[in-house]
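Structural overview
Residue-level listing of the chains:
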Amino acid sequence: MSVPTIVVAVKAVIVQDDHILIIKRADDDEVNPGTWELVGGKLDFGESLERALEREVLEEAGLHVAVQQLFYATTFLTAPDRQVVIMTYLAHPVATTVTLSEEHSDARWVTADEAQTLLHRPILDDLNSHDVWTLLQPKMINGQECKSCL
């Protein structure tokens, strides 16, 4: 019997105006090939959660981001002896031009409606249950849309 393993990963809900960034796994990926997901990856030993997320977003999407607050956390088993913990953060891009790693084949800035048709069901269920879509609604101050609010 193998030793149980816990993997910690970080993901980013990268918000730009009323869109979020999603990326598509390469068709030859070992895990969920060809599926859409949020940007992020595994924590390296000794890294802070926020630093790991900044590194992963830069590696996978070529973006520098401003990491905001922890949005939600979830956990699930990927095998009887392997558990994954995912910490999902809110982030904003410093620039919006995406340069993908070889691990991914496509990237899109999508609306909430587009995300509903593209994202892998477990990811979508988490986003829905944590009401992520309210982040994409314009914020109002004194009846005027606030572009710098979030």
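See above for the structure.
Every chain is numbered independently, its residues counted from 1 as its sequence is written. Where local features are concerned, this predicted model is filtered to residues with pLDDT of at least 70; where side-chain atom pairs are given and counted, the filter is 80 or more; whole-chain, interface and lining totals use all residues. In computing side-chain properties, one takes all heavy atoms of the structure into account and sets aside hydrogens as well as water.

Quick look at the overall build of the protein
Counted only if it meets this: Secondary structure follows DSSP: runs of H or I at least 4 residues long count as helices, runs of E at least 2 residues long count as strands, and numbering of each begins at the N terminus. To get the radius of gyration, use the C-alpha atoms; to get the globule rule, take the number of residues to the power 0.38 and multiply by 2.2 Å. Only protein chains enter the area calculation, which uses a 1.4 Å probe; residues under 20% of their type maximum are buried, those over 50% are exposed, and those in between are partly exposed. Residue contacts follow a heavy-atom distance rule, with two residues in contact if any of their heavy atoms lie within 4.5 Å. The protein chains shown are the only cover counted for residues, whose accessible areas, like all others here, come from Shrake-Rupley with a 1.4 Å probe.
Summing up its helical and strand segments, the protein has three helices and nine strands in all. N-terminal to C-terminal, the α/β element order of the protein is β-β-β-β-α-β-β-β-α-α-β-β. The C-alpha atoms of the protein give 16 Å as radius of gyration, which agrees with the globular expectation for 150 residues (15 Å, within 12%). Summarising its shape, the C-alpha atoms of the protein cover approximately 60 × 30 × 25 Å along the three principal directions. Expressed as a percentage of its 150 residues, the buried residues of the protein come to 37%. When contacts within the protein are restricted to residue pairs at least 6 apart in sequence, those whose partners lie at least 24 apart make up 63%. When the accessible surface of the protein is totalled, it reaches about 8600 Å², and 52% of it is carbon and sulfur.

Some details on the environment of R82
Topologically, R82 is positioned in strand β6 (residues 82–93). The class for R82 is partly exposed, based on a relative accessible area of 28%. Linking R82 and L21, residues 61 residues apart in sequence, is a C-alpha distance of 28 Å. Apart from the residues within four sequence positions on either side, R82 is in contact with T5, V7, K42, F76 and L77.

With respect to the nonpolar core
Rule in force here: Residues belong to a common nonpolar core when they are buried Ala, Val, Leu, Ile, Met, Phe, Trp, Tyr or Cys residues joined through side-chain atoms within 4.5 Å.
The biggest cluster of nonpolar side chains holds 18 residues, and the ones touching the most others in it are V13, V15, I20, I22, L119, L127 and W133. Sorting the residues of this core by element identifies β1 (5–16), β2 (19–25), α2 (112–118) and α3 (121–129) as the ones contributing at least two each. In this view, I20 contacts V13, I14, V15, L38, R108, W109, V110, W133 and L136; residues no more than four positions away in its chain are not counted.

A few points about the pattern of salt bridges
The condition that has to hold: We define a salt bridge as a contact between a side-chain nitrogen of Lys or Arg and a carboxyl oxygen of Asp or Glu at a distance within 4 Å.
Applying the stated criterion across every chain yields a total of ten salt bridges. We note a salt bridge from R25 to D29, for which the minimum N-O separation is 3.0 Å. If you follow the salt bridges from partner to partner, you end up with D44, E47, R55, E56 and E59 in one network.

Structural notes on the pairing of β1
Short version of the rule: Two strands pair if DSSP finds at least two bridges between them.
In this sheet, β6 lies alongside β1 in parallel orientation, the contact comprising ten bridges. When the bridges of β6 are listed, I6 appears paired with Q83. Where β1 lies against β2, two bridges are found, and the strand directions are antiparallel. Note that in β2 the partner of Q16 across the bridge is H19. Two successive antiparallel strands, β1 and β2, enclose a turn made up of two residues, where D17 displays a positive phi of approximately 55°.

Considerations on the pairing of strand β5 (residues 65–79)
Here β5 pairs with β6 via eleven bridges, running antiparallel. Within the sheet, the bridge partner assigned to T75 lies in β6 and is V85. Between β5 and β6, which pair antiparallel in sequence order, lie two residues.

Here we look at the layout of surface pockets
Our working definition: As defined here, a cavity is a set of points on a 1 Å grid over the protein atoms alone where a 1.4 Å probe fits but cannot get out. A pocket is an open set with protein on both sides within 12 Å along at least five of seven lines, and residues line them when an atom is within 4 Å of a point. Grid points are joined across faces, edges and corners, and a volume is the space filled by probe spheres set on the points. Charged residues are taken to be Asp, Glu, Lys and Arg, nonpolar residues to be Ala, Val, Leu, Ile, Met, Phe, Trp, Tyr, Cys and Pro, and polar residues to be all remaining types, Gly included.
The calculated volume of the largest pocket comes to roughly 860 Å³. For the largest pocket, the lining is made up of 31 residues, of which K11, R25, V31, E37 and I86 are closest to its centre. Contributions of two or more residues to the lining of the largest pocket are made by β1, β3 (36–37), β4 (39–42), α1 (49–61), β5, β6 and α3. Residues that form the lining of the largest pocket fall into these classes: eleven nonpolar, nine polar and eleven charged.

Topic: the environment of T134
Along the chain, the position of T134 falls in the loop between α3 and β8 (139–141). On the basis of relative accessibility, which here comes to 31%, the residue T134 falls in the partly exposed class. Distance in space between the C-alpha atoms of T134 and V15 is 11 Å, their sequence separation being 119 residues.

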